[in-house]
Amino acid sequence: MAPAEASHTPNISVGRRMKSQEEKIAHDLADDYIYFAKLGKETYRVNTKVAATLRKIGSEIETRHEALLKNMCNKLDIRASTAEITFRTVADEIFSTGINWGRIVVLYCFAAEVASFCNRQEIDIVHDVVRWLSEYICQRTFTEWIRKAGGWVSRKFLNLFA
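Residues numbered from 1 in each chain as written. Predicted model: local features only at pLDDT ≥ 70, side-chain atom pairs only at ≥ 80, totals over all residues. Heavy atoms only, no water.

Chemist: When you look at the nonpolar core in this model, what are you seeing that I'm missing?
Modeler: General note: in soluble globular proteins, nonpolar side chains tend to be found buried as a group. Within the largest apolar cluster, 52 residues are counted, with the highest numbers of intra-cluster contacts made by Ile 34, Ile 104, Leu 107, Tyr 108, Leu 133, Ile 137 and Trp 152. Of the residues forming this core, the biggest block, 13 residues, is contributed by helix α5 (residues 101–120). (Core = buried A, V, L, I, M, F, W, Y, C linked by side-chain atoms within 4.5 Å. Buried < 20%, exposed > 50% of the residue type's maximum accessible area, 1.4 Å probe, protein only. Helix = DSSP H or I, 4+ residues; strand = E, 2+ residues; numbered from the N terminus.)

Chemist: Could you clarify how one ought to interpret the packing of aromatic side chains in this entry?
Modeler: Here the distance between the centres and the angle between the planes together describe a pair of aromatic rings. Following the criterion strictly, the structure yields 12 aromatic pairs and no others. Ring geometry for Phe 95 versus Phe 142: centroids 4.7 Å apart, planes at 80°, classification edge-to-face. Here the residue Phe 95 occupies a position in the loop between α4 (83–94) and α5, and Phe 142 occupies one in helix α7 (residues 140–148), the gap between them amounting to 47 residues. An identical accessibility class is assigned to Phe 95 and Phe 142; each is buried. Following the ring pairs from residue to residue traces out a cluster consisting of Phe 87, Phe 95, Phe 110, Trp 132, Tyr 136 and Phe 142. (Phe/Tyr/Trp six-rings, centres within 6.5 Å; stacked < 30°, edge-to-face > 60°.)

Chemist: Is there a simple way to explain the pattern of salt bridges in this structure?
Modeler: Oppositely charged side chains can form a pair if their charged atoms are brought close together. Applying the stated criterion across every chain, the model contains 15 salt bridges. One salt bridge in this structure joins Glu 113 and Lys 38, with 3.0 Å as the shortest N-O distance. With Glu 113 in helix α5 and Lys 38 in helix α1 (residues 21–38), this residue pair connects regions lying 75 residues apart in the sequence. (Salt bridge = Lys/Arg side-chain N within 4 Å of Asp/Glu carboxyl O.)

Chemist: Would you mind showing me how to read the packing of α1 against helix α6 (residues 126–137) here?
Modeler: Each pair of packed helices can be summarised by the angle the axes make with each other and by the distance between the axes. In contact at an axis separation of 9 Å, α1 and α6 are set at 145° when each is read in the N-to-C sense. Two packed elements cross with a definite hand, and for α1 against α6 that hand is right-handed. Contacts between α1 and α6 involve Ala 26, His 27, Ala 30, Asp 31, Ile 34 and Tyr 35 from the former and Val 126, His 127, Val 129, Val 130, Leu 133, Ser 134 and Ile 137 from the latter. Among the residues forming the contact of α1 with α6, the class breakdown is nine nonpolar, three polar and one charged. (Axes fitted to C-alpha atoms, helices over the stretch in contact; angles between N-to-C directions. Left-handed = near helix turned anticlockwise from the far one by under 90°. Contact = heavy atoms within 4.5 Å. Nonpolar A, V, L, I, M, F, W, Y, C, P; charged D, E, K, R; others polar.)

Chemist: What am I meant to see in the packing of helix α2 (residues 49–64) against α5 here?
Modeler: Viewed as axis vectors pointing N to C, α2 and α5 meet at an angle of 70°, and their least axial separation amounts to 9 Å. As summarised for this structure, α2 and α5 are arranged roughly perpendicular, according to the angle between their axes. On α5, the residues that touch Leu 54, Ile 57, Gly 58, Ile 61 and Glu 62 of α2 are Val 105, Val 106, Tyr 108, Cys 109 and Ala 112. (Parallel < 35°, antiparallel > 145°, perpendicular 65-115°, else oblique.)

Structure (structure tokens):
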């Protein structure tokens, strides 16, 4: 006779910690900026002042540096097999001399351009790009810097480039 199988519901919190407010906002902004602002998917829109600020500043940066951002994806020869390492390498370079709000916005712009490029090339990794961006910004170094800078809702971020 086979032993009875016990019904077991796994504890999903084992090994996981709660996301900080900064991490939750960073993830929501990644969804909003890439899926809504860049790819036009309304269901991903985040209706906060922080998201609207990021979209506004990001749009200005993308307009000012459109040729650079678009050509960058071609020059980087992004493919499904190399996209993550390429993304992380560029992200590391963006922050090689430190963290500031402008560089954080530039990373969101770069990630959005990578996602848009992949979408146009039918490379099905847009969800991965969103995850990579969120994970990168949620590293301890960044969340500590964001918290010390007053958080996403600080005047410094909300009035960036005002």
